[in-house]
Amino acid sequence: MRSHEIDYEIKGESIQIVEVELDPRETVIAEAGAMLYMEEGINFETKMGDGSSPDQGFLGKLLSAGTRVLTGESLFMTHFTNLGAAKRKVAFSAPYPGTVIPIDLQQLPNQELIVQKDGFLCAALGTKVSITLNRKIGSGLLGGEGFILQKLQGDGMAFVHAGGTVIEKVLHGETLRIDTGCVVAFESTLDFNIESSGSLKSMVFGGEGMFLATIRGTGKVWLQSMPIRKLIQAIAPYGKNSKKEASSILGDFLE
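Here goes a summary of the coordinates provided. (Residues numbered from 1 in each chain as written. Predicted model: local features only at pLDDT ≥ 70, side-chain atom pairs only at ≥ 80, totals over all residues. Heavy atoms only, no water.)

### Let's talk about the sheet that holds strand S10 (residues 120–124)
Backbone hydrogen bonds hold the strands of a sheet together, and the pairing may be parallel or antiparallel. Filter applied, for reference: Strand pairing requires that DSSP identify at least two bridges connecting the strands. Numbering of helices and strands runs from the N terminus; a helix is a DSSP stretch of H or I covering at least four residues, while a strand is a stretch of E covering at least two. To define axes, lines are fitted to C-alpha atoms, for helices over the stretch in contact only, and angles between the resulting N-to-C directions are given on a 0 to 180 degree scale.
Taken in spatial order, the 6 strands of this open sheet run S5-S6-S3-S10-S13-S8, and their pairing is antiparallel. If you trace the sheet from one side to the other, it starts and ends with strand S5 (42–48) and strand S8 (99–104), each paired once. The sheet shows a mean angle of 20 degrees between the axes of neighbouring strands, direction not considered.

Following this line, the structure appears as structure tokens:
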């Protein structure tokens, strides 16, 4: 199934959204709850699966959609279709601040993209959304991230969400070591793994964590400067009952 050819516009700077323009009968699929607004004429329907295999039976759809649960995503996806006679727009936003990355799957090797489990936002109908497992199960489980990843396959546009600033790196037979969670997506030609960060002393006192993501080979990788895990850690000390608030001049008046 060829993907629908959708037009789009990325709006915003530090907190971005993607606005998709649909021709009549064109469809875009998205994660449940990602829709920000839609114009009159757009119809949405929650379905089991991504719709990339319309002739697939119920059990096949159930198995395909069920694998998404392993990534922490919903069993269902929302399909937005323009049922009007003119072009109409629908917009999507991610659940936390960041950047939207538009990626043309047709331009990638094997027309495949590997995405962190919470990175996929939306895509043109015809895009297959499945999972792929880290070959080294032990390190993936111990590292806490990178064991279960999403795989996007197709020949249309897909949109991935990243926290903070996006950095694109192109590797030519090189190795890149990255803080776990900062990898957003990478081409399937690259080898991805989770490895220990070094000696026991470095892991305990280095402040960089016990594990690092390692990417090797030739291809492109997209990184994010502020994954949701780091964002939560950064704002946690400023909670209502934190010592930092209590020590402020106005702390007693904020109760």
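### Topic: the pairing of S10
The criterion, for reference: When a residue's accessible area, from a 1.4 Å probe over protein chains only, is under 20% of the maximum for its type it is buried; when over 50% it is exposed; and in between it is partly exposed.
Buried residues dominate S10, accounting for 5 of its 5 residues. Note: strand S3 (residues 27–31) against S10, 3 bridges, orientation antiparallel. What sits directly across from Ile 29, in S10, is Ala 123. Across 3 bridges, the pairing between S10 and strand S13 (residues 157–162) is antiparallel. Bridged to Ala 123 within S13 is Ala 158.

### Focus on the pattern of salt bridges
Here is the rule we go by: Salt bridges are defined as contacts in which a side-chain nitrogen from Lys or Arg sits within 4 Å of a carboxyl oxygen from Asp or Glu.
A full pass over the atoms with the stated rule returns 6 salt bridges. For Lys 87, the salt bridge identified is with Glu 21, shortest N-O distance 3.9 Å. With a gap of 66 residues between them, Lys 87 in the loop between strand S6 (76–82) and strand S7 (88–93) and Glu 21 in strand S2 (residues 17–22) connect regions that are remote in the sequence. Lys 87 sits in the partly exposed class, given a relative accessible area of 44%. By sharing partners, the salt bridges in this structure join Lys 11, Glu 19 and Lys 89 into a single network.

### Topic: the sheet that holds strand S1 (residues 7–11)
Here we have 4 strands laid out as an open sheet, ordered S1-S2-S7-S4, and antiparallel in their pairing. Each of the sheet's edge strands pairs with one partner strand only, and the pair in question is S1 and strand S4 (35–38). Strand-to-strand, the axes of this sheet are offset by a mean angle of 20 degrees, without reference to chain direction. Bridging between S4 and S7 involves 3 bridges; their strand directions are antiparallel.

### Some points on the environment of Gln 150
Inspection of the secondary structure assignment puts Gln 150 in strand S12 (residues 148–153). Between the C-alpha atoms of Gln 150 and Ser 130, which are 20 residues apart in sequence, the distance is 5.7 Å.

### Focus on the side chain of His 161
This is how it is decided: Throughout this description, a polar contact denotes any pair of N or O atoms lying within 3.5 Å of each other; where both atoms belong to protein, one of them has to be capable of donating a hydrogen while the other can accept it, and for residues adjacent in sequence the pair is counted only when both atoms sit in side chains. We call two residues in contact whenever any of their non-hydrogen atoms come within 4.5 Å of each other.
Summarising the element assignment, His 161 is placed in strand S13. A polar side-chain atom of His 161 sits 3.0 Å from the main-chain carbonyl oxygen of Tyr 96. Once you skip the residues sitting within four places of it in the chain, His 161 turns out to touch Ala 94, Tyr 96, Pro 97, Gly 98, Thr 99, Gly 119, Val 184 and Gln 224.

### Let's talk about the nonpolar core
What counts, and what does not: We call a set of buried residues a nonpolar core when its members are Ala, Val, Leu, Ile, Met, Phe, Trp, Tyr or Cys and they connect through side-chain atoms within 4.5 Å of each other.
Ile 103, Leu 113, Leu 152 and Trp 222 are the most contacted members of the largest nonpolar core, which has 19 residues in total. Only S8, strand S9 (112–115), S10, S13 and strand S15 (183–187) provide two or more residues apiece to this core. Top element by residues in this core is S13. It accounts for 3 residues. Beyond its immediate chain neighbours, meaning those up to four positions away, Leu 152 contacts Leu 105, Gln 111, Glu 112, Leu 113, Val 115, Phe 120, Thr 127, Lys 128, Val 129 and Ala 158. Residues Val 18, Ile 42, Phe 80 and Val 100 belong to the second largest nonpolar core, which totals 18 residues.

Taken by themselves, the reported measurements are silent on function.
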